[in-house]
Each structure stands twice: as C-alpha cells, then as structure tokens.
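# Notes for the structure review
Okay, here's what each chain looks like letter by letter:
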Amino acid sequence: MNWDWLRSNVPALVDATVDHLILTGIAVGVGFAISFVFALVIHRDRRFYGPLAGFSGVVYTIPSLALLAFLVPFTGLSLLTAEIALVGYTLLILTRSIVGGLDAVPREITEAADGMGYSWTARLVKVDLPLAVPLIIAGLRVATVTTIGLVMVTALIGEGGLGQVMLRGFNFRNTTAVYAGAAVTVALAVVIDLGLVALGRLATPWTRRS
Amino acid sequence: MPYGSVTMPQQSPRASTVEFEHVTKHYDTKAKGTPGAVNDLSFQVPAGKICVLVGPSGCGKTTSLKMVNRLIEPTSGRILLDGVDAAGRDVTELRRGIGYVIQQVGLFPHQTIGENVATVPRLLGWSRARRRERAEELLDLVGLAPATYRDRYPAQLSGGERQRVGVARALAADPPVMLMDEPFGAVDPIVRDRLQNEFLRLQEELAKTILFVTHDIDEAIKMGDLVAVMEVGGKLAQFGSPAEILATPASEFVARFVGADRGLKRLSLSRVRDLAPQPADTARPGDDAAEAKHRTVASSFGYLLLVDASDQPIGWIAQHDIPPAGVLDEAMAVPMSPLLHQRATLKDALSLLLDADVQAGIVVDRTGRTLGLVTVDMIAAVMREGEHVVPEEPHPADEASDEAAKEPLAEPA
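On to the overall build of chain B, then. Of the regular secondary structure elements, chain B holds 16 helices and 16 strands. Considering chain B as a whole, with its 413 residues, one finds that 45% of them fall into the buried category. Taking all contacts inside chain B whose residues are at least 6 apart in sequence as the whole, residues at least 24 apart take part in 66%.

Right, let's get into the sheet that holds strand S8 (residues 209-214) of chain B. All names here are of chain B. Spatial ordering of the open sheet is given by S6-S7-S8-S3-S9-S10, a layout of six strands whose pairing is mixed. The sheet terminates laterally at strand S6 (98-102) and strand S10 (235-240), the two strands that pair on one side only. Each adjacent strand pair in this sheet contributes to an overall mean axis angle of 15°, direction not counted. Both strand S3 (residues 50-54) and S8 contribute to a ladder of five bridges, which runs parallel. From the neighbouring strand, leucine 53 faces S8, where its bridge partner is valine 213.

What follows deals with the pairing of S8 of chain B. Residue and element names in this part refer to chain B. Burial within S8 is extensive, with six of its six residues counted as buried. With burial as the criterion, each face of S8 is covered, one bearing Thr209, Leu211 and Val213 and the other bearing Ile210, Phe212 and Thr214. Sheet analysis places strand S7 (residues 177-181) next to S8, joined by five bridges and oriented parallel. In the sheet register, valine 177 faces S8, and the bridge partner there is threonine 209. Remark: the S7/helix H8 (residues 189-206)/S8 crossover connection has right-handed handedness.

Residue and element names in this part refer to chain B. Positionally, isoleucine 317 belongs in strand S13 (residues 313-318). For the pair formed by isoleucine 317 and alanine 255, sequence separation is 62 residues and the distance between their alpha carbons is 45 Å. Every residue in contact with isoleucine 317, bar those within four places of it in the chain, is listed here: Tyr303, Leu304, Leu306, Ile322, Met332 and Ala333.

Turning to the sheet that holds strand S11 (residues 282-283) of chain B, a few remarks are in order. Residue and element names in this part refer to chain B. Taken together, three strands build an open sheet; the order of strands is S11-S12-S13 and the sheet is mixed. Each of the sheet's edge strands pairs with one partner strand only, and the pair in question is S11 and S13. For strand S12 (residues 303-307) and S13, the ladder comprises five bridges, and the chain directions are antiparallel. Bridging from a neighbouring strand, valine 307 pairs with proline 313 of S13.

Our focus in this paragraph is the domain arrangement of chain B. Residues and elements named next belong to chain B. Taken domain by domain, chain B consists of domain 1 (18-268) and domain 2 (273-388). Look at where the C-alpha atoms of domain 1 and domain 2 centre, and you get two points 44 Å apart. Contacts between domain 1 and domain 2 engage eight residues on the former and nine residues on the latter. Broken down by secondary-structure element, the contributors of at least two residues to the side of domain 1 that touches domain 2 are helix H10 (242-247) and helix H12 (262-267).

All names here are of chain B. Mean pLDDT for chain B: 85, with 88% of residues reaching 70 or above. S3 holds the highest mean pLDDT among the elements of chain B, 97, whereas helix H16 (residues 395-406) holds the lowest, 41. For residues 387-413, every residue scores under 50 in pLDDT, and the model assigns this stretch 48 contacts once sequence neighbours within four places are set aside. Reported confidence for the predicted complex is 0.85 by ipTM and 0.77 by pTM.

For the rest of this paragraph, the subject is the environment of leucine 211 of chain B. All names here are of chain B. The topology assignment puts leucine 211 in strand S8. Owing to 25 C-beta atoms within 10 Å, leucine 211 belongs among the buried residues under this scheme. The residues contacting leucine 211, other than those within four sequence positions of it, are Val18, Val45, Cys51, Leu53, Leu65, Val68 and Leu179.

What follows is about the interface of chain A and chain B. Taken together, the contacts link 16 residues of chain A with 18 residues of chain B. Sorting the residues of the side of chain A that touches chain B by element identifies helix H6 (107-115) and helix H7 (120-153) of chain A as the ones contributing at least two each. If one sorts the elements of the side of chain A that touches chain B by residue count, H6 of chain A sits on top with six residues. Each residue belonging to the side of chain A that touches chain B can be placed in one class, and the counts come to eight nonpolar, four polar and four charged.

The next subject is unusual backbone geometry. Residue and element names in this part refer to chain B. The phi dihedral of aspartate 40 is positive, around 50°, even though this residue is not glycine. Tracing the backbone shows aspartate 40 in strand S2 (residues 38-45). According to the C-beta neighbour criterion, aspartate 40 is partly exposed, with 14 such atoms within 10 Å. For valine 105, which is not glycine, the phi dihedral falls at a positive 65°. With respect to the secondary-structure elements, valine 105 resides in the loop between S6 and helix H3 (113-117). Valine 105 sits in the buried class, given 23 other C-beta atoms within 10 Å.

Here the focus is the nonpolar core. Val52, Ala168, Leu211 and Ala228 of chain B are the most contacted members of the largest nonpolar core, which has 129 residues in total. With 14 residues, H7 of chain A is the largest single contributor of residues to this core. Those residues in contact with valine 52 of chain B that sit more than four places away from it in its chain are Phe212, Thr214, Ala220, Met223, Gly224, Val227 and Ala228 of chain B.

All names here are of chain A. Contact geometry of helix H8 (residues 162-171) with helix H9 (residues 175-203) gives a least axis separation of 7 Å together with a crossing angle of 160°. Of the possible angle classes, the one that applies to H8 and H9 is roughly antiparallel. Here H8 and H9 pass one another in a crossing that is left-handed. Every residue of H9 that contacts H8 at Leu162, Val165, Met166, Arg168, Gly169 and Phe170 is listed here: Thr175, Ala177, Val178, Ala180, Gly181, Ala182, Val184 and Thr185. Residues of the contact of H8 with H9, tallied by class, amount to nine nonpolar, four polar and one charged.

We now examine helix H14 (residues 346-355) of chain B. All names here are of chain B. The complete set of buried residues in H14 reads Leu346, Ala349, Leu350 and Leu353. The buried residues of H14 all sit within an arc of 100° when viewed along its axis, so they share a single face. Its buried side turned inward, H14 meets H12, strand S14 (339-341), strand S15 (360-364), strand S16 (370-375) and helix H15 (376-384).

What follows deals with the environment of tyrosine 60 of chain A. Residue and element names in this part refer to chain A. Mapping tyrosine 60 onto the fold places it in helix H3 (residues 49-61). Along the chain, tyrosine 60 and alanine 189 lie 129 residues apart, while their C-alpha atoms are 20 Å from each other. If we ignore the near neighbours within four places in the chain, the residues touching tyrosine 60 are Tyr89 and Leu92.

Before going further, it helps to examine the pairing of S12 of chain B. All names here are of chain B. In terms of burial, S12 is largely enclosed, as four of its five residues are buried. Across two bridges, S11 lies against S12 in parallel orientation. For alanine 283, the partnering residue across the bridge sits in S12 and is leucine 306. Between the parallel elements S11 and S12, the chain passes through helix H13 (residues 289-298) in a crossover that is right-handed. Connecting the antiparallel pair S12 and S13 is a turn made up of five residues, with aspartate 311 showing a positive phi of about 65°.

Parameters at a glance
Residues numbered from 1 in each chain as written. Chains lettered and ligands numbered in written order. Predicted model: local features only at pLDDT ≥ 70, side-chain atom pairs only at ≥ 80, totals over all residues. Helix = DSSP H or I, 4+ residues; strand = E, 2+ residues; numbered from the N terminus. Buried ≥ 20, exposed ≤ 12 C-beta atoms within 10 Å, placed from the backbone. Contact = placed C-beta atoms within 7 Å. Pairing = 2+ DSSP bridges. Axes fitted to C-alpha atoms, helices over the stretch in contact; angles between N-to-C directions. Right-handed = clockwise from strand over helix to strand, strands pointing away. Domains from an automatic or database assignment. pLDDT = per-residue confidence, 0-100. Nonpolar A, V, L, I, M, F, W, Y, C, P; charged D, E, K, R; others polar. Core = buried A, V, L, I, M, F, W, Y, C linked by C-beta atoms within 7 Å. Parallel < 35°, antiparallel > 145°, perpendicular 65-115°, else oblique. Left-handed = near helix turned anticlockwise from the far one by under 90°. Arc of directions from axis to C-beta.

What follows is the structure, encoded as structure tokens:
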C-alpha cells in the first residue's frame, strides 16, 4: 500500500465517490420512474405484462460492454450513453418488484377497499402502494447495489466514478488505487443498502409492532 | 365491558328496502349452472330486517351479495335500493353508502384501528376531528375501548377483535344497507356465538337492512328475520321466515338442507312464554296436609309443588310423602325440577327437562314467581305441529339481550 498516494488523493477519491453516487442515483431514479409507469400499466391491464417484462428482460440479458459499444456510435462517449445502459439494467428488477408488490396485496384487502368505495387511483395510492413497499424496497436494494457495481464498467467510456480510479490504477500498476477504488465502492454499496433497509422500515411502521 | 349504548348521530335509524328483480348472472366462459351463477333471483327485504342468504357452496349467494354493491354486475335484472336501481348510481358513491363486511375482514394492515374504522368517512371527506370522534364512538359500540385499541395495528388484535373492527368500519358512515359475507365464519364457535349475539343486540338499536351470507343453516335461523335458501345453479329454493322454512320446507332440497332435525331446530325459534303453562297444584308451608293430599290424589300428576309466600318454588312433594294429617313443611320438599325462564328457548327447555328427574319444568317470571308447568309432552306437541306456534316477533332481540347480559363482552385477547 502506498499511503502517500492515498493521503494526497483523498480529494480525488471523494470526487470520484460523488460522481459514482450521481451516476447511480440518476440510473436508479430514472429506472424507477420508468419501471413505475410500466408497473402501473401492467397493474391496470395485465395484457401488458408480457411485452413490458419481455422488453426489460431482453435489455437485461445484453452484456454491459456490448451495450456500451453498441451505444457509443449513436450517443458518443457521454453521460447519456452510460445512463442509458445503467437505466436499462434496472428496469427488469424494478418493474418486477413493483408489480410483485402490488400483486402481493391480499385479495380480501383489495376487495374490502373496492367494496367501501375506493376509486382505482385512491386504492392505488392509499392501499396498494403502501402495502407494496416492502417488495418495492427489496427491488430497489437489488437494483441499487447492482447499479453501483455496473457504474464501474462505464469507466471504459470515460464515466465510471470510482471505476475511473480503479481503471487508472490498473493502467499505472498502482495497486493502492485499485484497492482504494474497490474498497470505497464496496463501502458505498453497503451503506446505501443499509440506508434503503432503514427507509423501508420507516415506511412500514405497521410491520414492527405486533 | 358491555357494548355501550351509544346513540347514532341521526334520530331515527336509517334503512333502505332491498329488492331483487329477476336478477341473473351467467359466467360466459363456463357452462350454465356453474358455481357462482345466479338464476332469476327475485325477493324483497323490508327496511330494517336481516335477510340471510344460505345455501351450499357454489349456489351463488356471495355472487348475489356482491351484485348489490356492484363488485359483480348482473347479466340481467335489477337490484333496487329504496326503489332506485343500483346500476344507475355512481359506483363509488353507491358503495360508500353500503356497509361491507367479509369473512377475512380485510382490515388495512398499514393503518391503525382508528384509521381503519374511519375509512369511509375519510373517503366522504369528513373532517379529521369528526372522523376521530366517529371512530371512537364506533369502537365503543362494538365493545373495544377506544383508548386501548385506537392506535393499534390490525396485526396486534385477535381474530374476534378484528371481526368487531370490521363491523365498526362497515357502520362508520351509518349506511342504510349492510352486506355481510360470512362475517363470523373465521372465528372459533364460542367467539362466533358471542359475536352473533352482540350483533343481534346491536341490530336492535341500529335497525339496518342487512343481507347476510352463510352456508350454516343454524346461523341462518338464528340471525335471519328472513331466510333465502339457495341451491346450486343460483336458484331461490325458498324464501320466508326461519319458522316457515323449518315448518314447511318448500322442496326436498330445502328439507334436506335444513336437516332431519328441523323439528328440534324449530324449537330454538320458540320460547317458553309461547306455551300456555299447565297450572300446577301448589301449596305453601303451613298449609293443611290432608287437604293438600286430597287435591294431589285427585290430579293425575301425583306431585304437589310447594311455593313460598311470594310464590317462588321451593320443591316438589310426592303424593305418598304427604302426611295424612298435620301441616306441610319445607323439609318435605325436594327441589328436583328445572326452573324455566319465560325467555328460554324451547330447545334449551327440552334439554333441561330431559336431564331432570321430573319431566316437568317450573315456569317462572322475571321475579321468580311460579307461573305453571311445562312438560316434555307439551314441547313435543310443538315439534309435531310447528305451525300452531306463533313465533314471536322480533325473535332475535330478546335472546341477544339475554346473552349480552350474562356474558362478558370483552373477549380475552
């Protein structure tokens, strides 16, 4: 370990971490928004499940390097290219978890809600979604941790956050940089995962008292 | 803690008539006569009455119920609430005016008991303060202390408690009609019996029009002012009062469905006070024994009933135990006959009599005063000729208050 390098590169590591977080945040945020719309469409009309899940599934199976290589001619070595790929990989996990969460609401609860005169939207907002929270959070955790890992790969097109640090480490035979990049990434994933767990608990106070 | 006698916000109880007019529901994808289908169903429920839809599974009773609040739309026919076709009303507005209780209760696990109860008032846009007040009032009404239960979540309640909350929630906006789909089906028999009695007692005050689905004929007889027996294929096999259904089943199917013991079941619809008690030979301690013996020998019964100064029974003296001279004494009397309160059902009375040595029960009034005797023969006569007994009206009320008076209503958690 080269401690001098580490000491003098703390600001760079912090910058890379922030970049990494931004790349992850955009990917999961946009991915969640798109998946949410997909899930609502499916929830409203089951016939859309096949096409939408199929699309997300196909995107998910494309190897990340291949997808980046495919996108570069169209969108260049840019943030947009990185995000298209990153967002694409969240769709399958998030769409499935939101649909799964909505489906898991017990039938007697939806029936009671309908019978008492909830409109479709009111039931969705007040009953279905709150009860879907545990599964949605589970999906968000998987999607976020996966995305934190995938962001590394986008270093190849000039993005990558902490992936950049590691990539340069490989190129300059700087093992300290490689280890530092990896360690901070792992720490980031763990912290964010725990944060999501905490968020899930905050959003479901009824599951704790019994 | 007993049910509070909380008065409802309006002065007179609100209730609608419910009318089925040639209601039919076919499921196209399946063959005709499949489970859940309903075939040309017509009946009328007067305002404030409980009508029980009863029948084997697949007879369309739940389908019929769900067509009232339009969770299922009929293929043809009309359902009228107070003469207005339900199909013509806005569906959410219609449902907010109909209380709905289902077997699995369907409480919202993410809301507190107070929020659950205030569901329909919230949908109707009541103020927070009014909702809270209403929720507390209703929790009181169903025997759950608001301070204890209001802020709990459904998962923290027992099955019976959840069922009470379900009833409170259905009553929240004081709907004129209630639909109850096997509301007491998921609790154990003891709790069920108690919930039934409490509900009947509550209904006495609320006088809602209630459609009640069950597959249990005993529950139907107990809960219903009217019973609609349905058979598979969604046909109405018989519609009438519980007494009519038991006394004169309209078909072989109804007879089989109500069971071979329908004579016995009918006994639970009549009470001791519906019988004219036989006068008993009575005497008081200190009366002349010779005269009493003479009277007893003259009667065919062979026993003398000793009563005290306020006519409360002390016990029997057999004819041969009466001394030829002197006076009667309390020590001669043997208390071996069951006391029958006027409000006891004939079924309970018969059971007591069969257990006793003397098959004559002493009928007493509220103060314990002797009114006369009821014998097994008299009850058997009722069983043979049910149509001669006038079932009292309304029958469920007394029983409910009886039960309510003797049972602790807060169920052990």
